[in-house]
Amino acid sequence: MKLTDFYNEVSRHVDTGKTQINVAETKRVLATAFELLSKMSADEMADTVSKGLTQAKKRSMKK
């Protein structure tokens, strides 16, 4: 999956009837998140991503 495809897929998931977020806003938020991750040490970045994935798995199991 290319980065643009990732941005577009995320945008499709977050733009709902209750929360209207367009593709440009989604891309800006994700780009900012990647910028913050790039400023972290490799260990800190891996830990942060790991914790985020753990939370995502918990949310998806509740559905």
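Residues numbered from 1 in each chain as written. Predicted model: local features only at pLDDT ≥ 70, side-chain atom pairs only at ≥ 80, totals over all residues. Heavy atoms only, no water.

## Considerations on the overall build of the protein chain
Stage number 1. For the protein chain, the helix and strand inventory stands at three helices and zero strands.
Stage number 2. Listing the helices and strands of the protein chain from first to last along the sequence gives α-α-α.
Stage number 3. Referenced to the eigenvectors of the C-alpha coordinate spread, the extents of the protein chain come out at roughly 35 × 30 × 20 Å.
Stage number 4. Of the roughly 5500 Å² that the protein chain leaves accessible, carbon and sulfur atoms contribute 58%.
Stage number 5. Put simply, the protein chain has 12 plus and 8 minus side-chain charges, and the middle of one group is 7 Å from the middle of the other. (Helix = DSSP H or I, 4+ residues; strand = E, 2+ residues; numbered from the N terminus. Areas by Shrake-Rupley, 256 points an atom, 1.4 Å probe, with all protein chains shown as cover. Lys, Arg positive; Asp, Glu negative; His and termini not counted. Charge placed at Lys NZ, Arg CZ, Asp CG, Glu CD.)

## Concerning the layout of surface pockets
To locate leftover empty space, one rolls a probe as large as a water molecule over the atoms.
Stage number 1. Its boundaries defined by the atoms lining it, the largest pocket holds a volume of some 420 Å³.
Stage number 2. As for the largest pocket, its lining consists of 13 residues, of which Phe6, Leu30, Val49, Gly52 and Leu53 are closest to the centre.
Stage number 3. Of all elements in the fold, only helix 1 (3-14), helix 2 (23-38) and helix 3 (42-62) reach the threshold of two or more residues within the lining of the largest pocket. (1 Å grid on protein atoms, 1.4 Å probe; cavity = no way out; pocket = protein on both sides within 12 Å on 5 of 7 lines; lining within 4 Å. Points joined across faces, edges and corners; volume = space filled by probe spheres on them.)

## As for the environment of Thr32
Stage number 1. When you line up the elements, Thr32 lands in helix 2.
Stage number 2. As for Thr32 and Thr48, which are separated by 16 residues in sequence, their C-alpha atoms are 15 Å apart.
Stage number 3. A distance of 2.9 Å separates a polar atom in the side chain of Thr32 from the backbone oxygen of Arg28. (Polar contact = N/O pair within 3.5 Å; in protein donor to acceptor, adjacent residues only side chain to side chain.)

## Brief notes about the pattern of salt bridges
Stage number 1. Using the criterion set out here, one finds two salt bridges in the structure.
Stage number 2. For Glu9, the salt bridge goes to Arg12, with nearest N and O atoms at 2.9 Å. Taken as a pair, Glu9 and Arg12 lie in helix 1 at a separation of three residues, close to a single helical turn.
Stage number 3. Arg12 gets classed as exposed once you look at its relative accessible area, which sits at 57%. (Salt bridge = Lys/Arg side-chain N within 4 Å of Asp/Glu carboxyl O. Buried < 20%, exposed > 50% of the residue type's maximum accessible area, 1.4 Å probe, protein only.)

## Describing the packing of helix 1 against helix 2
Stage number 1. Taken N-terminus to C-terminus, the directions of helix 1 and helix 2 make an angle of 120°; their axes are 9 Å apart at the nearest point. Judged by the inter-axis angle, helix 1 sits oblique to helix 2. Along this stretch, helix 1 crosses helix 2, giving a crossing that reads as right-handed. Of helix 2, the residues touching helix 1 (which contributes Leu3, Thr4, Phe6, Tyr7, Asn8, Val10, Ser11 and Val14) are Val23, Thr26, Lys27, Leu30, Ala31 and Phe34.
Stage number 2. Residue classes in the contact of helix 1 with helix 2 are distributed as nine nonpolar, four polar and one charged. (Axes fitted to C-alpha atoms, helices over the stretch in contact; angles between N-to-C directions. Parallel < 35°, antiparallel > 145°, perpendicular 65-115°, else oblique. Left-handed = near helix turned anticlockwise from the far one by under 90°. Contact = heavy atoms within 4.5 Å. Nonpolar A, V, L, I, M, F, W, Y, C, P; charged D, E, K, R; others polar.)

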